[in-house]
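# A look at the structure
Residues per chain are reported as follows:
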Amino acid sequence: MIYLMLFWEFAKVGLFCVGGGYASMPLIQAAVVDTYHWMNLSEFVDIFTISQMTPGPIGINAATFAGMKIAGIPGAVCATIGFCTPSLILGILLARLFFRYGDIGPIRGILNGLRPAVVALIAAAGISFVVLALWNVETLPSDLRTIDPIGVIILAASLIAVRRKVSVIKLLAASGVAGLLLGLARQMTL
Amino acid sequence: MPQQITVASSCPHFYRKLFQSTFLISAFTVGGGFVIIPLLRAKYVEEYGWLTDKDTLNLVSIAQSMPGVVAVNASIILGYRMAGLRGTLTALAATILPPLITLSIISCAYDWFASNPYVRYALKGMQCGATALIVNVAIDLLQKQLRKKLLFPLAIIAATFTANFIFGINLMLLILIDGILGLLFLRGSQYGK
């Protein structure tokens, strides 16, 4: 049953994901973290992180890895195939329409409405990631002083690095090393 | 670039070549999506001559505006153009198999590693790095929309953000509403791109 649910949930993600890999993150997060509680936000951010580092499209990586964590290799297969099914059907349909009429006009209107929506959704996902990075909890705590200094340092440094166009792999490698060193330093001082 | 376009599917070992080239591109491209498209083009148009340049550009623009992942959409549509449904399925399988294999391996290691405190420290650092990446994407996209100075799309951003982040309204419902708004009010060319 879990396999069918994975297929169905990821098919919905594939259908509603407009604008590339990053756009699928808020949708996957809504399904696997918020609705079904298959994993917590921290595990989900790990999936996002690893999807960035491994070769292949980010959206497919995330669907594959999430499916794998939830229900093993069959889960990964179901999630990935589910994710691609809407693309497969729509792709063939649109390709045929395009070769017959040379235009997909009304679809452009829909997409012009969706593009700003995706900006808002990615921003909302980004904020929940920031809260996790800084406070290690999923929703903003009532006592903001519980902020994690390690999170503040690495996030601030990473933001500067990203704005200066440091490559993704270098950034993630460096922030991993920084996390390890700062974590060890804190462990020793406690 | 070959001027004469061969009928792709009549080429000897067509399916094997299609699978092999797409598999390798998917397996070794970090970042995916848009990075994959010039590579597919170089392979299909310039090396094998299975597609024309104009066809490819048109098809890729459809792939980019469809829902789903751009790299997958592109291989589905290009595969369909070259050899119908069989071409599509071959290219699709070759695109999704590499992540499946890589991540099966990484996932075994992940569960084994994640309980280790040192790995947790490193992962915590990498989570912060990945957070910076998504924040950066959000800032870039927002700037792009602000620069266009169009009222309607900006209103959609504000309303969608509030509805989702403050009121927790279902994402897919919001996307449906925004799609309908776009269909009704945003057909004009100034709203494109």
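In every chain, residue numbers begin from 1 and rise along the written sequence. To read the labels, note that chains go from A and ligands from 1, taken in the order they are written. Two thresholds apply to this predicted model, a pLDDT of at least 70 for residue-level local features and 80 or more for giving and counting side-chain atom pairs, whereas whole-chain, interface and lining totals are computed over all residues. Side-chain measures were taken over the full set of non-hydrogen atoms in the model, leaving aside hydrogen atoms and water.

### Focus: the interface of chain A and chain B
- Should any heavy atoms of two residues lie within 4.5 Å, those residues are counted as being in contact. Between chain A and chain B, the contact holds 94 residues from the first and 86 residues from the second.
- Summed over both sides, the interface of chain A with chain B buries roughly 7,900 Å², with 77% coming from carbon and sulfur.
- One speaks of a salt bridge when a side-chain nitrogen belonging to Lys or Arg is within 4 Å of a carboxyl oxygen belonging to Asp or Glu. Joining chain A to chain B, the criterion identifies two salt bridges.
- Any N or O atom pair separated by 3.5 Å or less is treated as a polar contact, with the protein-specific requirement of one donor-capable and one acceptor-capable atom, and with residues adjacent in sequence counted only for side-chain atom pairs. The interface formed by chain A and chain B includes 15 residue pairs in polar contact (both at pLDDT 80 or more).
- Broken down by secondary-structure element, the contributors of at least two residues to the side of chain A that touches chain B are α1 (2-16), α2 (21-35), α3 (41-53), β1 (56-57), α4 (58-101), α5 (105-135), α6 (149-163) and α7 (168-189) of chain A.
- Numbering of helices and strands runs from the N terminus; a helix is a DSSP stretch of H or I covering at least four residues, while a strand is a stretch of E covering at least two. The element best represented in the side of chain A that touches chain B is α4 of chain A, accounting for 24 residues.
- When the residues that make up the side of chain A that touches chain B are grouped by side-chain class, the tally is 61 nonpolar, 25 polar and eight charged. Buried area adds together the accessible area that both of two parts lose upon being put together, with accessible area traced by a 1.4 Å probe. Residue type decides the class: Asp, Glu, Lys and Arg count as charged, Ala, Val, Leu, Ile, Met, Phe, Trp, Tyr, Cys and Pro as nonpolar, and the leftover types, Gly among them, as polar.

### A few points about the domain arrangement of chain B
- Assigned domains of chain B: these are domain 1 (8-147) and domain 2 (150-193).
- Taken over C-alpha atoms, the centre of domain 1 of chain B sits 27 Å from the centre of domain 2 of chain B. Where each domain begins and ends follows an automated or database-derived domain assignment.

### Remarks on the UniProt feature "transmembrane region" (unreviewed entry) in chain A
Residue and element names in this part refer to chain A.
- UniProt positions are given in the numbering used here, feature names are shortened, and annotations may be inferred rather than shown by experiment. As recorded in UniProt, the sites labelled "transmembrane region" (unreviewed entry) are residues 73-95, 116-135, 147-162 and 169-188.
- The span residues 147-162 is 88% helix and 0% strand, and its two end C-alpha atoms sit 22 Å from each other.
- Helix makes up 100% of residues 169-188 and strand 0%, with an end-to-end C-alpha separation of 29 Å.

### Looking at the nonpolar core
- The biggest cluster of nonpolar side chains holds 105 residues, and the ones touching the most others in it are Phe-10 and Phe-44 of chain A.
- The leading source of residues in this core is α4 of chain A, at 19 residues.
- The two domains that each donate at least three residues to this core are domain 1 (8-147) and domain 2 (150-193) of chain B.
- Not counting the four nearest positions on each side in its chain, Phe-44 of chain A is found in contact with Met-25, Ile-28, Gln-29, Val-32, Val-33, Met-39 and Phe-129 of chain A. Take the buried Ala, Val, Leu, Ile, Met, Phe, Trp, Tyr and Cys residues and link them wherever side-chain atoms come within 4.5 Å; each set so joined is a nonpolar core. In this scheme, a residue with accessible area under 20% of its type's maximum is buried, one over 50% is exposed, and one in between is partly exposed, where area comes from a 1.4 Å probe on protein chains only.

### Digging into the UniProt feature "transmembrane region" (unreviewed entry) in chain B
All names here are of chain B.
- When the UniProt feature table is mapped onto this chain, "transmembrane region" (unreviewed entry) is found at residues 21-40, 60-80, 92-113 and 151-177.
- Structurally, residues 92-113 comprises 100% helix and 0% strand, and the distance from its first C-alpha atom to its last is 32 Å.
- The span residues 151-177 is 85% helical and 0% strand by assignment, and the distance between its end C-alpha atoms comes to 17 Å.

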